[in-house]
Amino acid sequence: MLVCANAPAPAGNYSCGNPNTGHCYGQTAWQEQPQYYGSYVDLLQIAMNCASGCGGFLNNEMWLIDYQTPGCVSNAYQACWVEAGFHAFDGGGNPWYFWADSRPLSSNTYNNHFLAQADSGDFDHFMIIKDGRGAAGVFQVWIYNDSHSTFFNGTSTNNGMSADAIHIGSELAGTNGASAAMAQFQRNIWAVKALGPEFVFWYNRQTDQGSVRSDSPPNGSWLISPTLPPPPEGGLFTTNCCN
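Nothing here was measured: the structure is a model prediction, and the numbers come from that model. Sequence order sets the numbering: in each chain, residues are counted from 1 along the sequence as written. Local features in this predicted model are restricted to residues whose pLDDT is 70 or higher, and side-chain atom pairs enter the listing and the counts only when it is 80 or higher, whereas totals over whole chains, interfaces and linings include all residues. Calculation of side-chain values draws on the structure's entire complement of heavy atoms; hydrogens and water are dropped beforehand.

Novice: An account of the overall build of the protein is requested, with residue identities and associated values reported.
Specialist: Summing up its helical and strand segments, the protein has 1 helix and 17 strands in all. The globule rule puts the C-alpha radius of gyration for 243 residues at 18 Å, and the 17 Å found for the protein is close to it. Counting only C-alpha atoms and orienting by the principal axes, one finds that the protein spans roughly 50 × 45 × 35 Å. Here the protein holds 243 residues, and the buried ones make up 52% of them. Of the contacts formed within the protein by residues at least 6 apart in sequence, a portion of 68% connects residues at least 24 apart. Note on charges: Lys and Arg go in the positive column, Asp and Glu in the negative column, and His and the chain ends are not counted at all. All charge positions are set by atom: Lys at NZ, Arg at CZ, Asp at CG, Glu at CD. Seen as two clouds, the 7 positive and the 18 negative side-chain charges of the protein have centres 9 Å apart. The helix count covers DSSP runs of H or I at least four residues long, the strand count covers runs of E at least two residues long, and both are numbered beginning at the N terminus. When we talk radius of gyration, it's over C-alpha atoms, and the globule rule is simply 2.2 Å times the number of residues to the 0.38. Per-residue accessibility, obtained with a 1.4 Å probe over protein chains only, is compared with the maximum for each type, and a residue is labelled buried under 20%, exposed over 50%, and partly exposed between these values. Contacts were defined at the residue level, with two residues in contact if any of their heavy atoms lie within 4.5 Å.

Following this line, the structure appears as structure tokens:
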């Protein structure tokens, strides 16, 4: 389902910390399974920016998170994760495709990977999955569109996390000047096993709304509840920012 997206609303002032801490969110979170081996979302890229002097950034993204493994709880962020989505820099123009990871390490814990600037108006597919085909502690990240004219693969290594949460939505840092039209997160599904030699993402769909957080800004809410039968699988979650 494609919903018409208006241009970003005029940006107002807000209090969402700085690039390192105190961020605001419009998101939903699931933390119901003993382990999520991976996560997937179809995300509509929309007009979004963080004007020069915004003091931070704006993201639309998906996170696969571990809040429980001792090595994750004891790292600098008290969690491990792999994330992927769109990132708008302070004064950076069009948003960038990116992925990042926080690993159960005492140094070189967090790493960002900025891949290329994105055009608006297309659904892109974001997949994160634990790789069970070889060495331990490996997660694969894929970002692609239907034609594969956009196609990125990243690998998170030395990452022994065991994910117990999935988040989707927007993350905002700074004080003013960010804006984004309505983003759409649909086909919200999770992997029931690690990636094997058959190279298949075996999955279940999300069937409840999770725990919604809307700091206003950014705003997050369900347009189509995942409690309803598909399509779309796993409902349709929306975010926008920052009027």
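Novice: Describe empty space enclosed by the protein, with residues and values.
Specialist: Here a cavity is any set of points on a 1 Å grid over the protein atoms alone where a 1.4 Å probe fits but cannot get out, and a pocket is any open set with protein on both sides within 12 Å along at least 5 of 7 lines; a residue lines the site when it has an atom within 4 Å of a point. Grid points are joined across faces, edges and corners, and a volume is the space filled by probe spheres set on the points. Following the criterion strictly, the structure yields 1 cavity of 30 Å³ or more and no others. Taken as a whole, the largest cavity spans an internal volume of roughly 30 Å³. Surrounding the largest cavity, Trp-30, Tyr-40, Val-41, Met-62, Ile-166, Ile-168, Asn-188, Ile-189 and Gln-206 form its lining. Only Asp, Glu, Lys and Arg are considered charged, only Ala, Val, Leu, Ile, Met, Phe, Trp, Tyr, Cys and Pro nonpolar, and every remaining residue, Gly among them, polar. Looking at the lining of the largest cavity, its residues break down into 7 nonpolar, 2 polar and no charged.

Novice: Could you give an account of the side chain of Gln-45, with specific residues and numbers?
Specialist: Relative to the helices and strands, Gln-45 is located in the loop between β3 (38-44) and β4 (48-50). When near neighbours in sequence (up to four residues on either side) are disregarded, Gln-45 contacts Phe-86, Pro-95, Ala-118, Asp-119, Ser-120, Gly-121, Asp-122 and Asp-124.

Novice: I'd like a description of unusual backbone geometry, backed by residues and values.
Specialist: Residue Pro-231 is reached from Pro-230 by a cis peptide bond, and omega for that bond is 5°. Looking at the secondary structure, you find Pro-231 in the loop between β16 (219-224) and β17 (236-241). In this structure, Cys-242 follows Cys-241 across a cis peptide bond, with omega equal to 10°. Even without being a glycine, Arg-187 presents a positive backbone phi close to 50°. For Arg-187, the location among the structural elements is in strand β13 (residues 178-191). What makes Arg-187 partly exposed here is its relative accessible area of 29%. Of note, Phe-199 is a non-glycine position whose phi angle comes to about 60°, a positive value.

Novice: An account of the pattern of salt bridges is needed here, citing residue identities and associated values.
Specialist: The salt bridge criterion pairs a side-chain nitrogen of Lys or Arg with a carboxyl oxygen of Asp or Glu, the two atoms within 4 Å. Inspection of the entire model under this criterion finds 3 salt bridges. In this structure, Arg-133 engages Asp-131 in a salt bridge whose closest nitrogen and oxygen atoms are separated by 2.8 Å. Judged by relative accessible area, Arg-133 falls into the partly exposed class, the value being 40%.

Novice: Report on the pairing of strand β2 (residues 24-30), specifying residues and quantitative values.
Specialist: Judged by how many residues are buried, β2 sits mostly within the fold: 7 of 7 residues are covered. At least two DSSP bridges between two strands are required for those strands to pair. Note that β2 and strand β12 (residues 165-176) share 7 bridges and pair antiparallel. The partner of Tyr-25 across the bridge, within β12, is Glu-171. By the bridge criterion, 4 bridges tie β2 to strand β15 (residues 211-214) in an arrangement that is antiparallel. For Thr-28, the partnering residue across the bridge sits in β15 and is Val-212.

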